[in-house]
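# Fold and geometry: a report
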Amino acid sequence: MTKENHGDHEHHNHLRESETYYAARTKALESLFREKGLIGIDTVDRVIRFFEHDMGPFNGAKVVAKAWSDPAFKARLMADANAGIAELGLKDGIEGENLRVVENTATVHNVVCCTLCSCWPWPLLGLPPYWFKDPVFRARIVREPRAVLLDFGVTLPKEKKIEIWDSSAQVRYFVIPERPAGTENWSEEQLAKLVSTEAMQGLDLVKA
Amino acid sequence: MKVQHFLGGIENLGPVNVEKRVFVEPWEAQLFAVHTAMMGTNIWAWPDLRVLAEGMNPLDYFKYRYYIKWLGGICKFLIDKGYISEKELQERTEAFLKDPDAPLPATGNPEITQRVVDYFYRGANPYRDIVVNPMFKAGQKVRVKDMPPVVHTRLPGYLRNKIGVVDVVYKGAYLYADNVPTDGLATPQPVYLVKFDTRDIWSDIPDSKDVLYNDFWEVYLEAA
(Lines give C-alpha, C1' and ligand atoms only; values in the text may rest on other atoms or scores of the structure.)
Protein backbone atom coordinates (compact mmCIF):
# COMPACT_ATOMS: atom_id res chain seq x y z
CA MET A 1 0.00 0.00 0.00
CA THR A 2 1.39 3.39 -0.94
CA LYS A 3 1.43 6.23 1.50
CA GLU A 4 -1.23 8.01 -0.54
CA ASN A 5 -3.61 5.04 -0.39
CA HIS A 6 -3.06 4.76 3.33
CA GLY A 7 -4.00 8.41 3.62
CA ASP A 8 -7.21 7.79 1.68
CA HIS A 9 -8.04 4.89 3.92
CA GLU A 10 -7.58 7.00 7.04
CA HIS A 11 -9.66 9.75 5.50
CA HIS A 12 -12.38 7.25 4.60
CA ASN A 13 -12.57 5.85 8.15
CA HIS A 14 -12.68 9.32 9.62
CA LEU A 15 -15.45 10.27 7.22
CA ARG A 16 -17.46 7.15 8.10
CA GLU A 17 -17.55 8.27 11.74
CA SER A 18 -18.68 11.84 11.10
CA GLU A 19 -22.11 13.38 11.60
CA THR A 20 -22.02 14.35 7.93
CA TYR A 21 -21.67 10.70 6.99
CA TYR A 22 -24.44 9.54 9.35
CA ALA A 23 -26.74 12.23 7.98
CA ALA A 24 -26.03 11.23 4.37
CA ARG A 25 -26.51 7.54 5.10
CA THR A 26 -29.81 8.19 6.92
CA LYS A 27 -31.03 10.36 4.06
CA ALA A 28 -30.00 7.57 1.68
CA LEU A 29 -32.12 5.13 3.70
CA GLU A 30 -35.22 7.33 3.55
CA SER A 31 -34.59 7.98 -0.14
CA LEU A 32 -34.43 4.24 -0.94
CA PHE A 33 -37.45 3.57 1.29
CA ARG A 34 -39.47 6.15 -0.65
CA GLU A 35 -38.53 4.63 -4.01
CA LYS A 36 -39.36 1.11 -2.80
CA GLY A 37 -42.73 2.18 -1.37
CA LEU A 38 -41.68 1.35 2.21
CA ILE A 39 -42.42 4.83 3.56
CA GLY A 40 -44.66 7.80 2.74
CA ILE A 41 -43.52 11.27 1.73
CA ASP A 42 -44.94 12.65 4.99
CA THR A 43 -44.07 9.77 7.34
CA VAL A 44 -40.93 11.29 8.87
CA ASP A 45 -42.59 14.65 9.55
CA ARG A 46 -45.70 12.99 10.96
CA VAL A 47 -43.69 10.74 13.30
CA ILE A 48 -41.64 13.69 14.59
CA ARG A 49 -44.82 15.74 15.16
CA PHE A 50 -46.48 12.75 16.85
CA PHE A 51 -43.83 12.66 19.56
CA GLU A 52 -43.87 16.45 19.91
CA HIS A 53 -47.65 16.76 20.29
CA ASP A 54 -49.37 13.42 20.92
CA MET A 55 -47.06 11.09 22.86
CA GLY A 56 -44.71 12.96 25.17
CA PRO A 57 -43.91 13.82 28.80
CA PHE A 58 -46.82 16.30 28.86
CA ASN A 59 -49.09 13.21 29.12
CA GLY A 60 -47.24 11.93 32.17
CA ALA A 61 -47.24 15.37 33.79
CA LYS A 62 -51.03 15.53 33.39
CA VAL A 63 -51.35 12.15 35.11
CA VAL A 64 -49.11 13.25 37.99
CA ALA A 65 -51.04 16.50 38.51
CA LYS A 66 -54.35 14.61 38.57
CA ALA A 67 -52.97 11.98 40.97
CA TRP A 68 -51.73 14.71 43.33
CA SER A 69 -55.12 16.44 43.23
CA ASP A 70 -57.44 13.44 43.43
CA PRO A 71 -56.55 10.61 45.87
CA ALA A 72 -59.33 8.34 44.58
CA PHE A 73 -57.98 8.69 41.04
CA LYS A 74 -54.47 7.95 42.31
CA ALA A 75 -55.68 4.76 43.98
CA ARG A 76 -57.35 3.59 40.74
CA LEU A 77 -54.26 4.54 38.72
CA MET A 78 -51.96 2.57 40.98
CA ALA A 79 -54.26 -0.44 40.83
CA ASP A 80 -54.61 -0.36 37.02
CA ALA A 81 -52.49 2.24 35.25
CA ASN A 82 -53.84 1.61 31.73
CA ALA A 83 -57.43 2.07 32.91
CA GLY A 84 -56.38 5.08 34.97
CA ILE A 85 -54.84 7.04 32.10
CA ALA A 86 -57.87 6.21 29.92
CA GLU A 87 -60.01 8.12 32.45
CA LEU A 88 -58.03 11.22 31.45
CA GLY A 89 -58.63 10.56 27.77
CA LEU A 90 -55.05 9.38 27.26
CA LYS A 91 -54.39 6.45 24.94
CA ASP A 92 -51.89 3.76 25.70
CA GLY A 93 -50.06 1.85 22.96
CA ILE A 94 -46.57 0.91 21.95
CA GLU A 95 -44.19 0.41 24.89
CA GLY A 96 -47.04 1.00 27.30
CA GLU A 97 -49.39 -1.95 26.81
CA ASN A 98 -48.74 -2.94 30.43
CA LEU A 99 -48.08 0.14 32.54
CA ARG A 100 -47.43 0.24 36.26
CA VAL A 101 -47.37 3.36 38.41
CA VAL A 102 -45.33 3.57 41.62
CA GLU A 103 -45.32 6.47 44.07
CA ASN A 104 -42.57 8.37 45.88
CA THR A 105 -43.36 9.06 49.52
CA ALA A 106 -41.69 10.55 52.58
CA THR A 107 -39.94 7.20 53.12
CA VAL A 108 -39.56 5.61 49.66
CA HIS A 109 -37.94 6.91 46.48
CA ASN A 110 -38.41 4.96 43.24
CA VAL A 111 -36.04 4.92 40.27
CA VAL A 112 -36.65 3.21 36.92
CA CYS A 113 -34.10 1.72 34.54
CA CYS A 114 -33.62 -0.83 31.79
CA THR A 115 -30.23 -2.46 32.19
CA LEU A 116 -30.63 -4.60 29.04
CA CYS A 117 -31.76 -1.91 26.58
CA SER A 118 -34.01 1.19 26.77
CA CYS A 119 -37.55 0.12 27.79
CA TRP A 120 -39.51 3.24 28.71
CA PRO A 121 -43.25 4.11 29.05
CA TRP A 122 -43.83 5.80 25.69
CA PRO A 123 -47.56 6.64 26.06
CA LEU A 124 -46.76 8.72 29.17
CA LEU A 125 -43.26 10.03 28.42
CA GLY A 126 -42.72 9.84 24.67
CA LEU A 127 -39.24 8.70 23.68
CA PRO A 128 -36.39 8.05 26.11
CA PRO A 129 -33.77 10.80 26.47
CA TYR A 130 -30.08 10.02 26.03
CA TRP A 131 -29.25 9.62 29.72
CA PHE A 132 -31.66 6.71 30.09
CA LYS A 133 -29.94 4.85 27.23
CA ASP A 134 -26.40 5.62 28.41
CA PRO A 135 -24.64 2.32 29.26
CA VAL A 136 -23.02 4.11 32.21
CA PHE A 137 -26.42 5.00 33.69
CA ARG A 138 -27.70 1.47 33.10
CA ALA A 139 -24.61 -0.10 34.69
CA ARG A 140 -24.49 2.14 37.76
CA ILE A 141 -28.11 2.85 38.73
CA VAL A 142 -28.77 -0.66 40.07
CA ARG A 143 -25.67 -0.82 42.29
CA GLU A 144 -25.06 2.80 43.33
CA PRO A 145 -28.35 4.69 42.85
CA ARG A 146 -27.44 7.47 45.31
CA ALA A 147 -24.23 8.28 43.44
CA VAL A 148 -26.11 8.33 40.12
CA LEU A 149 -28.77 10.62 41.62
CA LEU A 150 -25.93 12.99 42.58
CA ASP A 151 -24.91 13.09 38.88
CA PHE A 152 -28.45 14.39 38.28
CA GLY A 153 -28.08 16.96 41.09
CA VAL A 154 -30.37 15.05 43.44
CA THR A 155 -29.39 14.42 47.06
CA LEU A 156 -31.70 12.09 48.97
CA PRO A 157 -31.97 12.02 52.76
CA LYS A 158 -29.93 9.06 54.05
CA GLU A 159 -32.90 7.41 55.69
CA LYS A 160 -34.95 7.30 52.51
CA LYS A 161 -35.23 3.80 51.06
CA ILE A 162 -34.68 3.44 47.30
CA GLU A 163 -36.74 1.03 45.22
CA ILE A 164 -35.22 0.28 41.80
CA TRP A 165 -37.34 -1.06 38.94
CA ASP A 166 -35.43 -2.82 36.14
CA SER A 167 -37.73 -3.20 33.11
CA SER A 168 -36.76 -6.56 31.61
CA ALA A 169 -40.12 -7.97 30.48
CA GLN A 170 -43.54 -6.59 29.54
CA VAL A 171 -44.15 -3.91 32.21
CA ARG A 172 -43.18 -0.25 31.74
CA TYR A 173 -42.82 1.72 34.98
CA PHE A 174 -43.81 5.28 35.80
CA VAL A 175 -43.13 7.27 38.98
CA ILE A 176 -45.43 9.75 40.71
CA PRO A 177 -42.97 12.15 42.35
CA GLU A 178 -43.59 13.74 45.75
CA ARG A 179 -45.78 16.82 45.55
CA PRO A 180 -43.80 19.89 46.57
CA ALA A 181 -44.84 21.80 49.67
CA GLY A 182 -46.68 25.08 49.18
CA THR A 183 -48.73 23.94 46.16
CA GLU A 184 -51.92 23.09 48.05
CA ASN A 185 -54.18 25.45 46.09
CA TRP A 186 -52.54 25.06 42.69
CA SER A 187 -54.57 23.95 39.67
CA GLU A 188 -53.72 20.75 37.82
CA GLU A 189 -52.44 22.84 34.90
CA GLN A 190 -50.07 24.73 37.20
CA LEU A 191 -48.89 21.53 38.88
CA ALA A 192 -48.26 19.74 35.57
CA LYS A 193 -45.83 22.47 34.52
CA LEU A 194 -43.55 21.62 37.48
CA VAL A 195 -43.02 17.98 36.55
CA SER A 196 -39.92 17.04 34.53
CA THR A 197 -39.45 13.88 32.48
CA GLU A 198 -36.65 12.89 34.85
CA ALA A 199 -38.92 13.24 37.90
CA MET A 200 -41.34 10.73 36.37
CA GLN A 201 -38.59 8.08 36.37
CA GLY A 202 -37.18 9.08 39.76
CA LEU A 203 -34.11 11.04 38.60
CA ASP A 204 -35.37 14.46 39.68
CA LEU A 205 -37.34 15.97 42.55
CA VAL A 206 -40.21 18.36 41.88
CA LYS A 207 -39.80 21.83 43.28
CA ALA A 208 -42.32 24.67 43.37
CA MET B 1 -20.57 -14.21 27.36
CA LYS B 2 -21.63 -10.82 26.09
CA VAL B 3 -20.89 -7.67 28.09
CA GLN B 4 -24.21 -6.21 26.87
CA HIS B 5 -26.02 -8.89 28.95
CA PHE B 6 -24.04 -7.97 32.05
CA LEU B 7 -24.10 -4.15 32.24
CA GLY B 8 -25.84 -3.90 35.61
CA GLY B 9 -23.32 -3.39 38.42
CA ILE B 10 -20.18 -2.62 36.38
CA GLU B 11 -17.96 -0.33 38.50
CA ASN B 12 -15.54 2.54 37.79
CA LEU B 13 -17.35 3.91 34.74
CA GLY B 14 -17.33 7.56 35.79
CA PRO B 15 -20.24 10.02 35.62
CA VAL B 16 -23.48 9.46 33.72
CA ASN B 17 -23.91 11.58 30.61
CA VAL B 18 -26.96 13.55 31.77
CA GLU B 19 -28.10 14.48 28.25
CA LYS B 20 -31.83 15.18 28.46
CA ARG B 21 -32.52 15.43 24.75
CA VAL B 22 -34.04 12.53 22.81
CA PHE B 23 -32.22 13.40 19.57
CA VAL B 24 -28.98 15.38 19.44
CA GLU B 25 -28.69 15.55 15.62
CA PRO B 26 -31.50 16.04 13.08
CA TRP B 27 -30.60 12.80 11.27
CA GLU B 28 -31.40 10.85 14.43
CA ALA B 29 -35.07 11.86 14.27
CA GLN B 30 -35.18 10.94 10.58
CA LEU B 31 -33.60 7.55 11.32
CA PHE B 32 -36.03 6.96 14.19
CA ALA B 33 -38.95 7.65 11.83
CA VAL B 34 -37.58 5.17 9.28
CA HIS B 35 -37.39 2.65 12.13
CA THR B 36 -41.04 3.25 13.05
CA ALA B 37 -42.03 2.65 9.41
CA MET B 38 -40.21 -0.70 9.69
CA MET B 39 -42.01 -1.48 12.97
CA GLY B 40 -45.44 -0.40 11.73
CA THR B 41 -45.20 -2.54 8.59
CA ASN B 42 -43.74 -5.61 10.32
CA ILE B 43 -40.35 -5.41 8.62
CA TRP B 44 -38.85 -5.81 12.04
CA ALA B 45 -39.56 -5.62 15.79
CA TRP B 46 -37.62 -4.81 18.96
CA PRO B 47 -36.03 -8.26 19.31
CA ASP B 48 -34.37 -7.87 15.88
CA LEU B 49 -32.79 -4.58 16.94
CA ARG B 50 -31.72 -5.98 20.31
CA VAL B 51 -30.08 -9.02 18.68
CA LEU B 52 -27.94 -6.64 16.62
CA ALA B 53 -27.04 -4.45 19.63
CA GLU B 54 -26.08 -7.49 21.69
CA GLY B 55 -24.01 -8.87 18.81
CA MET B 56 -21.83 -5.75 18.64
CA ASN B 57 -18.21 -5.53 19.70
CA PRO B 58 -18.69 -4.52 23.37
CA LEU B 59 -16.07 -1.77 23.16
CA ASP B 60 -17.96 -0.26 20.21
CA TYR B 61 -21.18 -0.66 22.20
CA PHE B 62 -19.77 1.68 24.85
CA LYS B 63 -18.07 3.95 22.34
CA TYR B 64 -20.87 4.90 19.95
CA ARG B 65 -23.92 7.04 20.63
CA TYR B 66 -27.30 5.28 20.75
CA TYR B 67 -28.59 6.23 17.30
CA ILE B 68 -25.20 5.65 15.66
CA LYS B 69 -25.58 2.03 16.81
CA TRP B 70 -29.14 1.98 15.46
CA LEU B 71 -27.95 3.27 12.09
CA GLY B 72 -25.41 0.46 11.81
CA GLY B 73 -27.97 -2.13 12.95
CA ILE B 74 -30.77 -0.94 10.64
CA CYS B 75 -28.48 -0.87 7.57
CA LYS B 76 -27.10 -4.34 8.34
CA PHE B 77 -30.59 -5.78 8.85
CA LEU B 78 -32.02 -4.28 5.66
CA ILE B 79 -29.07 -5.51 3.58
CA ASP B 80 -29.04 -9.00 5.18
CA LYS B 81 -32.80 -9.40 4.58
CA GLY B 82 -32.60 -8.10 1.00
CA TYR B 83 -34.74 -4.97 1.41
CA ILE B 84 -31.86 -2.88 0.01
CA SER B 85 -28.46 -3.72 -1.45
CA GLU B 86 -25.19 -2.60 0.04
CA LYS B 87 -24.25 -1.17 -3.36
CA GLU B 88 -27.32 1.04 -3.73
CA LEU B 89 -27.07 2.23 -0.13
CA GLN B 90 -23.40 3.13 -0.61
CA GLU B 91 -24.03 4.90 -3.92
CA ARG B 92 -26.93 6.88 -2.50
CA THR B 93 -24.89 7.79 0.59
CA GLU B 94 -22.05 9.06 -1.62
CA ALA B 95 -24.55 11.10 -3.63
CA PHE B 96 -25.88 12.83 -0.50
CA LEU B 97 -22.33 13.38 0.77
CA LYS B 98 -21.57 15.24 -2.46
CA ASP B 99 -24.82 17.18 -2.36
CA PRO B 100 -26.31 17.13 1.16
CA ASP B 101 -29.21 19.37 0.10
CA ALA B 102 -30.30 17.21 -2.85
CA PRO B 103 -34.06 16.62 -2.54
CA LEU B 104 -35.56 13.28 -1.54
CA PRO B 105 -37.54 11.49 -4.27
CA ALA B 106 -41.08 12.93 -4.42
CA THR B 107 -42.63 9.47 -4.27
CA GLY B 108 -43.65 7.06 -1.54
CA ASN B 109 -46.42 4.82 -0.25
CA PRO B 110 -49.24 7.09 1.02
CA GLU B 111 -50.66 4.31 3.24
CA ILE B 112 -47.61 3.95 5.45
CA THR B 113 -47.99 7.07 7.62
CA GLN B 114 -51.41 6.10 8.96
CA ARG B 115 -50.26 2.51 9.48
CA VAL B 116 -47.40 3.80 11.63
CA VAL B 117 -49.66 6.05 13.72
CA ASP B 118 -52.16 3.19 14.13
CA TYR B 119 -49.28 0.99 15.27
CA PHE B 120 -48.26 3.55 17.93
CA TYR B 121 -51.72 3.28 19.49
CA ARG B 122 -52.26 -0.44 18.86
CA GLY B 123 -48.91 -1.42 20.31
CA ALA B 124 -47.70 -4.99 20.30
CA ASN B 125 -48.90 -6.49 23.55
CA PRO B 126 -47.00 -9.70 24.38
CA TYR B 127 -49.97 -10.79 26.55
CA ARG B 128 -51.51 -14.13 25.55
CA ASP B 129 -54.87 -15.03 27.01
CA ILE B 130 -54.15 -18.71 27.56
CA VAL B 131 -54.54 -21.02 30.55
CA VAL B 132 -51.29 -21.41 32.45
CA ASN B 133 -50.29 -23.03 35.72
CA PRO B 134 -47.61 -20.75 37.18
CA MET B 135 -44.83 -22.74 38.90
CA PHE B 136 -44.34 -20.14 41.64
CA LYS B 137 -46.63 -18.13 43.89
CA ALA B 138 -46.39 -14.72 45.53
CA GLY B 139 -44.20 -14.75 48.63
CA GLN B 140 -42.16 -17.73 47.44
CA LYS B 141 -38.33 -17.60 47.33
CA VAL B 142 -36.87 -18.15 43.89
CA ARG B 143 -33.35 -18.44 42.52
CA VAL B 144 -32.49 -16.87 39.17
CA LYS B 145 -31.03 -19.46 36.83
CA ASP B 146 -27.66 -18.97 35.19
CA MET B 147 -28.83 -19.56 31.63
CA PRO B 148 -26.27 -20.65 29.00
CA PRO B 149 -24.98 -17.75 26.86
CA VAL B 150 -27.13 -17.07 23.80
CA VAL B 151 -27.57 -14.58 20.97
CA HIS B 152 -30.33 -12.74 22.84
CA THR B 153 -31.63 -12.77 26.39
CA ARG B 154 -33.98 -10.80 28.64
CA LEU B 155 -32.19 -12.02 31.77
CA PRO B 156 -29.95 -9.32 33.30
CA GLY B 157 -26.54 -10.82 34.07
CA TYR B 158 -26.19 -9.23 37.52
CA LEU B 159 -29.22 -11.16 38.80
CA ARG B 160 -28.03 -14.63 37.79
CA ASN B 161 -27.78 -17.07 40.74
CA LYS B 162 -29.36 -14.49 43.07
CA ILE B 163 -32.27 -15.27 45.38
CA GLY B 164 -35.35 -13.07 45.63
CA VAL B 165 -39.02 -13.25 46.60
CA VAL B 166 -41.93 -13.39 44.13
CA ASP B 167 -43.89 -10.15 44.56
CA VAL B 168 -46.42 -10.47 41.73
CA VAL B 169 -47.51 -13.38 39.53
CA TYR B 170 -48.84 -11.61 36.45
CA LYS B 171 -52.14 -12.83 35.07
CA GLY B 172 -52.00 -15.08 32.01
CA ALA B 173 -48.96 -15.55 29.82
CA TYR B 174 -46.62 -13.45 27.72
CA LEU B 175 -44.79 -14.29 24.51
CA TYR B 176 -41.48 -12.52 23.97
CA ALA B 177 -40.45 -13.51 20.44
CA ASP B 178 -40.35 -16.65 18.36
CA ASN B 179 -38.41 -15.21 15.41
CA VAL B 180 -35.02 -14.66 17.05
CA PRO B 181 -32.82 -17.07 19.03
CA THR B 182 -33.32 -16.66 22.81
CA ASP B 183 -32.79 -18.70 25.95
CA GLY B 184 -36.33 -20.05 26.18
CA LEU B 185 -38.68 -17.15 25.36
CA ALA B 186 -40.24 -18.64 22.21
CA THR B 187 -43.30 -19.99 24.04
CA PRO B 188 -45.89 -17.96 25.97
CA GLN B 189 -45.29 -18.33 29.71
CA PRO B 190 -46.01 -16.70 33.06
CA VAL B 191 -43.98 -13.65 34.08
CA TYR B 192 -43.12 -12.77 37.68
CA LEU B 193 -42.11 -9.60 39.47
CA VAL B 194 -39.32 -10.57 41.88
CA LYS B 195 -38.03 -8.44 44.74
CA PHE B 196 -34.39 -8.47 45.88
CA ASP B 197 -32.52 -6.74 48.68
CA THR B 198 -29.69 -5.02 46.83
CA ARG B 199 -27.30 -6.27 49.54
CA ASP B 200 -28.22 -9.82 48.49
CA ILE B 201 -27.05 -8.94 44.98
CA TRP B 202 -23.83 -7.14 46.05
CA SER B 203 -22.66 -7.95 49.57
CA ASP B 204 -20.06 -5.15 49.53
CA ILE B 205 -22.42 -2.19 49.15
CA PRO B 206 -23.56 -0.07 52.15
CA ASP B 207 -26.55 -1.46 54.06
CA SER B 208 -29.12 1.06 52.86
CA LYS B 209 -32.15 -1.30 52.87
CA ASP B 210 -32.67 -0.54 49.18
CA VAL B 211 -34.61 -3.04 47.11
CA LEU B 212 -34.62 -3.91 43.44
CA TYR B 213 -37.48 -5.31 41.39
CA ASN B 214 -37.12 -7.15 38.09
CA ASP B 215 -39.64 -8.93 35.85
CA PHE B 216 -38.69 -12.48 34.88
CA TRP B 217 -40.06 -14.92 32.34
CA GLU B 218 -40.74 -18.22 34.11
CA VAL B 219 -37.97 -20.12 32.30
CA TYR B 220 -35.40 -17.96 34.14
CA LEU B 221 -36.48 -19.00 37.66
CA GLU B 222 -36.25 -22.06 39.90
CA ALA B 223 -37.42 -22.74 43.45
CA ALA B 224 -34.91 -21.68 46.11
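Before reading further, recall that the structure is shown in the block above.
Residues numbered from 1 in each chain as written. Chains lettered and ligands numbered in written order. Predicted model: local features only at pLDDT ≥ 70, side-chain atom pairs only at ≥ 80, totals over all residues. Heavy atoms only, no water.

Glancing now at the environment of Arg65(B). Examined against the element boundaries, Arg65(B) turns out to sit in the loop between helix 3 (58-63) and helix 4 (66-80). When its relative accessible area of 23% is taken as the criterion, Arg65(B) is described as partly exposed. Spatially, the C-alpha atom of Arg65(B) lies 38 Å from that of Gly172(B), the residues being 107 residues apart in sequence. Residue contacts for Arg65(B): discarding those within four places in its chain leaves Glu19(A), Tyr130(A), Val24(B), Glu25(B), Trp27(B) and Glu28(B). A distance of 3.5 Å separates the side chain of Arg65(B) from the side chain of Tyr130(A), its partner in a polar contact. (Helix = DSSP H or I, 4+ residues; strand = E, 2+ residues; numbered from the N terminus. Buried < 20%, exposed > 50% of the residue type's maximum accessible area, 1.4 Å probe, protein only. Contact = heavy atoms within 4.5 Å. Polar contact = N/O pair within 3.5 Å; in protein donor to acceptor, adjacent residues only side chain to side chain.)

The interface of chain B with chain A comprises 99 residues on the first partner and 86 residues on the second. Both sides of the chain B and chain A interface together cover about 8400 Å² of buried area, and 63% of this is carbon and sulfur. For the chain B face of the interface with chain A, the top three residues by lost area are Val16(B), Phe120(B) and Tyr121(B), together amounting to 9%. Put simply, chain B and chain A have 6 salt bridges between them. Notably, a salt bridge pairs Lys36(A) with Glu88(B), separated by 2.9 Å at the nearest N-O pair. (Buried area = accessible area lost by both parts, 1.4 Å probe. Salt bridge = Lys/Arg side-chain N within 4 Å of Asp/Glu carboxyl O.)

With that out of the way, let us pick up the packing of aromatic side chains. Scanning the entire structure with this criterion turns up 35 aromatic pairs over all chains. Arranged with centres 5.6 Å apart and planes meeting at 80°, the rings of Phe51(A) and Phe32(B) form a pair that is edge-to-face. Of this pair, Phe51(A) sits in helix 3 (residues 43-53) while Phe32(B) sits in helix 1 (residues 26-40), each in a different chain. Pairing Trp165(A) with Tyr213(B) gives two aromatic rings, centres 4.0 Å apart and planes at 5°, and the pair type is stacked. With one member in each of two chains, Trp165(A) in strand 3 (residues 161-166) and Tyr213(B) in strand 6 (residues 211-217) form a pair that bridges those chains. By the burial criterion, Trp165(A) is buried, and Tyr213(B) matches it. The lysine or arginine in question, Lys91(A), covers the ring of Tyr121(B), its NZ or CZ lying 4.2 Å from the ring centre. (Phe/Tyr/Trp six-rings, centres within 6.5 Å; stacked < 30°, edge-to-face > 60°. Lys NZ or Arg CZ within 6 Å of the ring centre and 35° of its normal.)

Just geometry here; none of it tells us what the structure is for.
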